[in-house]
Amino acid sequence: MTGQGQAGPDAAARPGTAKPPEQTVYLNGEFMPLSEARVPVLDRGFVFGDGVYEVVPVYRGVPFRWSQHLSRLARSLAKVRIDNPLDDAGWTGLVAELLSRHPWQDQFVYLQVTRGVARRDHLFPADVQPTVFAMSNEFKPVLRQAIEQGIAAVSLPDERWLHCDIKSISLLGNVLARQAAADAGAMECLLFRDGYLTEGSASNIWVVKDGRLLAPPRDALILEGIRYGLLEELAGSRGVPFDIRRISRDEVMGADELMATSATKEILPITLLDGRAVGDGPGPIYRKLFDAYQDAKVASAAKGWVRP
Ligand SMILES: Cc1ncc(COP(=O)(O)O)c(C=O)c1O
């Protein structure tokens, strides 16, 4: 029997049964098959969730908004006081190599840095090397049905910590919220803290009312998605009035349109909230921003990768 995902000699001998080559990942300076990547159990990522991550969409071989992802990674690392293990050129070289090892035109890259391996103790260990892990997966196009008909969401209390601006690998609050949404038959949730919208379990949430696009403030209660700044730019260039302010639960419930953004969802309309229809299907502002997003992807791929 061959290893998971590996094409052994038997598979190669039978036409049509060959498995695709195994995914290559990066771990602490080396590229290797996914099945061979090993992290010691005392890694603080495993024991404490002590680390940060990034998810970067890549179109036609070009990471989309790469410099913004690099900056956010540096910000997350600084906030949890882990020295950035690589400079911008180092991250760029790593990702370029990882991308070149996979056949897909569109990929999404996952980067993770933990504080490293040490005897279990809450205090930061001295002289420890951060663990650096990276993998890439095929970026399959976002489902047409979700774009054309929208997705369902449910409202939930935001029970997470008060540093949601850090892209931390400690995602238990997000995991529980996402599962609660799935259990209720929805793809995403809208989280509320003290009566105000924060974000989704794995996305930023946007509200449209009377032709204006509204977003919750960039503060420690949300992760500032890379698409947050992008949508701000796209709204500006497409003439959509845009306000950043606290958004009450009543305003969300009475929204004309709702949408979610993330690296892998791109931009999706939310057309059902707590079982009630939102507006009349995907709305005009959604369509405008969706088109602008697609144009931005094409422009980025055409420009090529401007490497730091
Ligand atoms: C909690 C949370 N908020 C917002 C986002 C959107 O961030 P980005 O646009 O960088 O994908 C994500 C993405 O996974 C997320 O997990």
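Data block above holds the structure.
Here goes a summary of the coordinates provided. Note that the structure is a prediction, hence the values are computed from the model and not measured. (Residues numbered from 1 in each chain as written. Predicted model: local features only at pLDDT ≥ 70, side-chain atom pairs only at ≥ 80, totals over all residues.)

**Concerning the site of the ligand**
Definition in use: Near, as applied to residues and a molecule or strand, means the residue's backbone-placed C-beta atom lies within 6 Å of it. The classification used treats Ala, Val, Leu, Ile, Met, Phe, Trp, Tyr, Cys and Pro as nonpolar, Asp, Glu, Lys and Arg as charged, and all other residues, Gly among them, as polar.
For the ligand, the set of nearby residues contains 13 residues, the closest of which are Leu 223, Gly 225, Ile 226, Arg 227 and Ala 263. A class-by-class count of the residues in the shell around the ligand yields five nonpolar, six polar and two charged.

**With respect to helix H9 (residues 284-303)**
The cut-off we apply is this: Helix and strand definitions here come from DSSP, where helices need a minimum of 4 consecutive H or I residues and strands a minimum of 2 consecutive E residues; each element is numbered from the N-terminal end. Multiplying 1.5 Å by the residue count of a helix minus one yields the expected span of that helix. Here the C-beta atoms are placed from the backbone, and a residue counts as buried if at least 20 other C-beta atoms lie within 10 Å of its own, exposed if 12 or fewer do, and partly exposed otherwise. It is the directions from the helix axis to the C-beta atoms that the arc portrays.
Between the first and last C-alpha of H9 there are 29 Å, a value that for 20 residues agrees with the 28 Å anticipated at 1.5 Å per step. All buried positions along H9 are accounted for by Ile 285, Tyr 286, Leu 289 and Ser 300. Down the axis of H9, the buried side of the element spans an arc of 95 degrees, and every buried residue falls inside it. In H9, those exposed residues whose orientation departs by more than 90 degrees from the buried face are Gln 294, Val 298, Ala 299 and Ala 302. Positive phi appears at Gly 304, one or two residues downstream of H9, with a value of about 90 degrees.

**Section: the environment of Met 259**
Let me state the cut-off plainly: Note on contacts: each residue gets a C-beta atom placed from the backbone, and two residues are in contact if those atoms are within 7 Å.
Looking at the element boundaries, Met 259 is found in strand S13 (residues 257-262). Classification of Met 259 as buried rests on a count of 28 C-beta atoms within 10 Å. Between the C-alpha atom of Met 259 and that of Gly 61, which follows or precedes it by 198 residues, the distance is 27 Å. Those residues within four positions of Met 259 in sequence are excluded, and the remaining contacts are Trp 206, Ile 267, Leu 268, Pro 269, Ile 270 and Tyr 286.

**Observations regarding the packing of helix H7 (residues 226-237) against H9**
For clarity, the threshold we go by: Fitting a line to C-alpha atoms yields each axis, with helices limited to the stretch in contact; the angle taken between N-to-C directions then spans 0 to 180 degrees. Working definition: roughly parallel below 35 degrees, roughly antiparallel above 145 degrees, roughly perpendicular at 65 to 115 degrees, and oblique for all remaining angles. Left-handed is the label given to a crossing in which the near helix is rotated counterclockwise from the far helix by less than a right angle, and right-handed is the label when the rotation is clockwise.
Two numbers describe how H7 lies on H9: the axes approach to 10 Å, and their chain directions differ by 110 degrees. Taken together, the axes of H7 and H9 lie roughly perpendicular to each other. For the crossing formed where H7 meets H9, the hand is right-handed. Touching Leu 230, Leu 231, Leu 234, Ala 235 and Ser 237 of H7 are Leu 289, Ala 292, Tyr 293 and Ala 296, all from H9. Residues that form the contact of H7 with H9 fall into these classes: eight nonpolar, one polar and no charged.

**What to know about the sheet that holds strand S6 (residues 131-138)**
Where we set the bar: For two strands to pair, DSSP has to find at least two bridges joining them.
With antiparallel pairing, the six strands of this open sheet are ordered in space as S2-S1-S6-S5-S3-S4. The sheet is open, and its two edges are formed by strand S2 (30-33) and strand S4 (62-63), each paired on a single side. In terms of strand pairing, strand S5 (residues 107-114) meets S6 through eight bridges, oriented antiparallel. Among the inter-strand pairings, Leu 111 is bridged to a residue of S6, identified as Ala 134. Sitting on the sheet, helix H3 (residues 66-79) is in contact with strand S3 (51-59), S4 and S5, with an inclination near 175 degrees to S3.

Take it as geometry only, folks, not as evidence of what the structure does.
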